[in-house]
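# Structure at a glance
Okay, here's what each chain looks like letter by letter:
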Amino acid sequence: MSYNQSKNGGSSGYYNSSGSGNQGSNSQGYSYTSSGNNSQGNHYCNRGESKASGGSYHYSNNDSSYYYQNSNGSTYYNDGNGYSQYTFPRNNPRYNGESNY
């Protein structure tokens, strides 16, 4: 089951992770193992392991949208125009672990 909140509706994503970058931490205190820009020019940070394949990461896209896959396997998408969607771990097709969520 996903949680949807829509103001203007619609969504699109740019989750292709080909690119190169560096390691460190950001101003919110999240550590990341790599970051950079993919072939579409969208910024990504790989934040480590996740209960979903692909690890924990986020994208900040050129169209002001952003996408997170969290360590517990949940996902969050915001299109930058009022639409957002949260997906519980068990409803993420990449989920491969146990969760109480």
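Presented here is a report on the structure given in the accompanying data block. (Residues numbered from 1 in each chain as written. Predicted model: local features only at pLDDT ≥ 70, side-chain atom pairs only at ≥ 80, totals over all residues. Heavy atoms only, no water.)

## What about the pairing of strand E8 (residues 66-69)?
What counts here: For each residue, the accessible area found with a 1.4 Å probe, counting protein chains only, is set against the maximum for its type, and the residue is called buried under 20%, exposed over 50%, and partly exposed in between. Elements are defined by DSSP. Helices are runs of H or I of four residues or more, strands are runs of E of two residues or more, and each kind is numbered from the N terminus. When DSSP finds at least two bridges between two strands, those strands are taken to pair.
The two faces of E8 differ: Tyr67 and Gln69 on one face are buried, but Tyr66 and Tyr68 on the other face are not. Inspection of the sheet shows strand E7 (residues 56-60) paired to E8 by four bridges, in the antiparallel sense. Bridge pairing in E8 links Tyr59 to Tyr67. Linkage of E7 to E8, two consecutive antiparallel strands, is achieved through a turn of five residues, within which Ser64 is found at a positive phi near 75 degrees.

## So, the side chain of Asn92
This is how the line gets drawn: The term polar contact refers here to a pair of N or O atoms within 3.5 Å; inside protein, the definition further demands a hydrogen-donor-capable atom paired with an acceptor-capable atom, and it admits residues adjacent in sequence only when both atoms are side-chain atoms. Any two residues whose heavy atoms approach within 4.5 Å are treated as being in contact.
With respect to the element layout, Asn92 can be found in the segment after strand E10 (84-87). Of the polar contacts made by the side chain of Asn92, one reaches the side chain of Gln69; its length is 3.3 Å. Contacts of Asn92, omitting those with residues within four sequence positions, involve Ala52, Gln69, Gly73, Thr75 and Thr87.

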